[in-house]
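Below are the chains, spelled out letter by letter.
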Amino acid sequence: MKHRLDVNGVSREIDVPRETSLLEALRDDLGLVAARYGCGRGQCGACFVLADGRAVASCLITVGQATVYRIVTVEGLASAGWDAVQRAFVEEDAMQCGYCTSGMLISATALLAQQPSPTDDEIRDALDPNLCRCGVQLRAIRAVRRAAEARG
Amino acid sequence: MITPTSEPPRLEERIRLEPDGRVTVFSGKVEFGQGIRTAFAKIVAAELGVPVDRVIVVLGDTAQVPFDRGTFGSRSIAQDGEILRRAATLARRLIAEGRPLEGSIPDDVPVSATRLADEPRRMEAADIVTGRARFVADVRLEQMLRGAIARAPVRGARPATVGDRTARAMAGVVAVVRDRDLVGVVAERQAQATTAVQALEIDWTMPPAPDDDAVSIPIAEDAGVETALAESPTRIAATYAMPYISNAPIGPSAAVADVRAEGATVYAGTQRPFGLRDELAATLGLPVGAVRVIPLMPSGTYGRNSLGDAALEAARLAKACGRPVLLQWSREEEFAQGPARPACVLDIEAGTDADGRFSAWRYDEHTNAHGYGGSLDPRQAPFTSGRNAVPPYVVPHLAVTLHVEPSQLRTASFRSLAAAENVFAIESLVDEIADARREDPLDLRLRNTHDPRLRAVLEAVAERSGWRDRPRGESRGFGLACSLYAHGTYIAQVAEVTVASNGRVRLGRFWCAVDPGRVIDANGVRNQCEGAIVQSASWTLLEELKQRDGHVATTGWDTYPIAKFRDAPTDIDIYLMGAAGEPPTGVGEPPGVPVAAAIANAVFAACGVRVRELPITPDRVRAARR
């Protein structure tokens, strides 16, 4: 079944089974692998993407449902003007294995779009859906704060 | 099979100058987020006097690197970091003399004063934040199929009959694979493979009951323990327990296998690329030299990738269908099929004399096999299932016995192996003795150790946390614990907690003084310490793998909560105190070891409740209050 997706500012057509998740389509049909499979139930945040600016679990929505949104993945963050968030995570070394980092970047971007200078509690709340087993939470909080300051 | 030798390492296997002036470094260790690629690059760059970004580090690729037993025990910096440092020193001399980079790497090269670069903090970081990084499940090969495995209802059950008519007819299905006890599906798309495997009709033959017996292994057997205990004016006995927990990687196990008649290439998350290569060769019926294992990051797995489950399964699927296969386990499979950290019951009795010096100590550690071997080697047991079972204190009469018992669940390696359980029991008991003697637990510890480095971390963490003037009561408490980790890293920690009226424990600040010998990469050490503390606090307060008769009931994060952003401590203070003259000892595991006791001791200080069984849930705190 053919679908037209708006991903990272580009309109792209894919032909996939009806029930295909947005996550599977991004990773296997569009070559965008930054959103990662973690649980398939929207419980871990590893597959988060921006859908009209909101962080959503791409494992939970189908390609058909995704056609109505402007989707941004981590591959498109810089061109969408959010490179300060990426830089801040590098500068704070807010990662170990990096598997959950994409999801954190998406949650952080969605937060800063809504609230340009969040408090630490607001950052914790915004990133709470993102599970991180390596334990870089405090660094990620500092990174979001740094990104907010960098964006002024 | 290539066996390790005691030959000195060779420079030409370790460092190569490229025509464009870059330097390639080779190590059999693997990266899974602990930062060794960055540390190795900085070590070599400093010795050779080149920028870090001119150094390429090849890790674990069995076709390119010298043999290595595996990446575990926090030994990468101590072992390969040191070899690379000496190799680079030799290389620098040979380059200056215009000679080729070859020869034995000497084992007695003094440490130079060259300062290591601070930047980049992590070599992989730029790729990770832009989506360029490639994890195992991101590998895409021509003609690649996706796999799914039919899982037995009970561990060890074997498929008797397989009805596959429905599955074969489903969209995208390329083959149903039956290879001895393995049944799986390969399909064009992941969702197709996952759906089709559910449509298989399989009759399973239940396995015979395991007939393993418990094995008791003495670790310390001083005479006179019972007499000395009986004569001790202060004497405390207590039993502590910890449940099975999951390694719970955020990325479930994955592998990509490309198996041809003449050889196989397997991309996998593995801590033992050479061990996995040998297992793959045996499974596939190929010579060892025809199998190449290329380790990629699977996500952090904290010991889980000592076992190559997904790689072996993917290789069997790929061999059977003749096309490359990506196999990625589901979340449910990772919980149910992945190995668990062993459960344990820990019986300690210890006594002190009138001056508060330990007089006798008897410890019986009941646990399951830690480590990837499956069966327990009694000679290794004191370093695996018995790791850190001996207290770091002066005890004139000491008896320590390790009892390794059969497990209903598959168990293997979790970060620090048994050190975390043993130190939870030891350091909780020390706190109980201090309370019985009405004295400060810091004083009791200092009185009972002469080791200057253990004393130094204890005194440092006390000073930084304001231990002597700590607030008491009001549902808020400070807890202290320490450890001399197996191979020589010293840690002392103070946890601050508050305990709500409903029994909920919340972390406040956390202090950690660590002496890992010479610090190679200060930011890397801090990141490992912080992460280990958060992770251990998670299993201390939240985690238990739910199981019944060996069947894991946990299927997702909803029934296996781990610490989230809101649960993280308010602040973590890491104080690095390694002496430049001491060899580096490693920090991947040690900082997570004393955390459970520090938190349990803080809970006691906050509300007078001693919780001896993990996790420290609100229910347990409320029950202990009554």
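If you're wondering where the values come from, they're calculated on a predicted model, not measured in any experiment. (Residues numbered from 1 in each chain as written. Chains lettered and ligands numbered in written order. Predicted model: local features only at pLDDT ≥ 70, side-chain atom pairs only at ≥ 80, totals over all residues. Heavy atoms only, no water.)

1. Focus: the overall build of chain B
Part 1: Across its full length, chain B holds 15 helices and 25 strands.
Part 2: In terms of overall size, chain B behaves like a compact globule, its C-alpha atoms giving a radius of gyration of 26 Å where 626 residues would be expected to give roughly 25 Å.
Part 3: Structurally, chain B occupies a C-alpha span of about 75 × 70 × 45 Å along its principal axes.
Part 4: Within chain B, the proportion of its 626 residues that are buried is 60%.
Part 5: In chain B, the share of contacts with a sequence separation of at least 24, taken over all contacts with a separation of at least 6, comes to 77%.
Part 6: If you sum the accessible surface of chain B, you get close to 24300 Å²; carbon and sulfur atoms cover 49% of it. (Helix = DSSP H or I, 4+ residues; strand = E, 2+ residues; numbered from the N terminus. Rg over C-alpha atoms; globule rule 2.2 N^0.38 Å. Buried < 20%, exposed > 50% of the residue type's maximum accessible area, 1.4 Å probe, protein only. Contact = heavy atoms within 4.5 Å. Areas by Shrake-Rupley, 256 points an atom, 1.4 Å probe, with all protein chains shown as cover.)

2. Concerning the interface of chain B and chain A
Part 1: Chain B puts 63 residues into the contact, and the matching count from chain A is 51 residues.
Part 2: Looking at the side of chain B facing chain A, the largest losses of area belong to B:V129, B:R189 and B:F565, adding up to 20% of the total buried there.
Part 3: Linking chain B to chain A there are 12 salt bridges.
Part 4: Summed over the shared surface of chain B and chain A, the number is 34 residue pairs in polar contact (both at pLDDT 80 or more).
Part 5: If you list the elements that add at least two residues to the side of chain B that touches chain A, you get α3 (125-130), α5 (190-198), α9 (331-337), α13 (522-541) and β25 (571-576) of chain B.
Part 6: Of all the elements, α13(B) adds the most residues to the side of chain B that touches chain A, at nine residues. (Buried area = accessible area lost by both parts, 1.4 Å probe. Salt bridge = Lys/Arg side-chain N within 4 Å of Asp/Glu carboxyl O. Polar contact = N/O pair within 3.5 Å; in protein donor to acceptor, adjacent residues only side chain to side chain.)

3. Considering the packing of aromatic side chains
Residue and element names in this part refer to chain B.
Part 1: With the rule as written, the count across this model stands at eight aromatic pairs over all chains.
Part 2: Here the aromatic rings of F358 and Y393 are separated by 5.7 Å at their centres, their planes lie at 50°, and the arrangement is tilted. With F358 in strand β18 (residues 358-367) and Y393 in the loop between β18 and β19 (397-404), this residue pair connects regions lying 35 residues apart in the sequence.
Part 3: On the accessibility criterion, F358 (4% relative accessible area) is buried.
Part 4: Judged by centre distance (5.6 Å) and plane angle (20°), the ring pair of F478 and W511 falls under stacked. With a gap of 33 residues between them, F478 in strand β20 (residues 476-484) and W511 in strand β22 (residues 505-515) connect regions that are remote in the sequence. For the pair F478 and W511, a shared accessibility class is recorded, and that class is buried.
Part 5: One Lys or Arg, R341, reaches over the ring of W539 and ends 4.1 Å from the middle of that ring. (Phe/Tyr/Trp six-rings, centres within 6.5 Å; stacked < 30°, edge-to-face > 60°. Lys NZ or Arg CZ within 6 Å of the ring centre and 35° of its normal.)

4. Looking at the nonpolar core
Part 1: If you look at the biggest cluster of nonpolar residues, it comprises 162 residues, and the most contacted ones within it are A:F89, B:W361, B:W557, B:I599 and B:I616.
Part 2: Looking at which element gives the most residues to this core, the answer is helix α14 (residues 595-607) of chain B, with nine residues.
Part 3: Counting residues in hydrophobic clusters, the runner-up holds 32 residues, among them B:L286, B:A290, B:L312 and B:V325. (Core = buried A, V, L, I, M, F, W, Y, C linked by side-chain atoms within 4.5 Å.)

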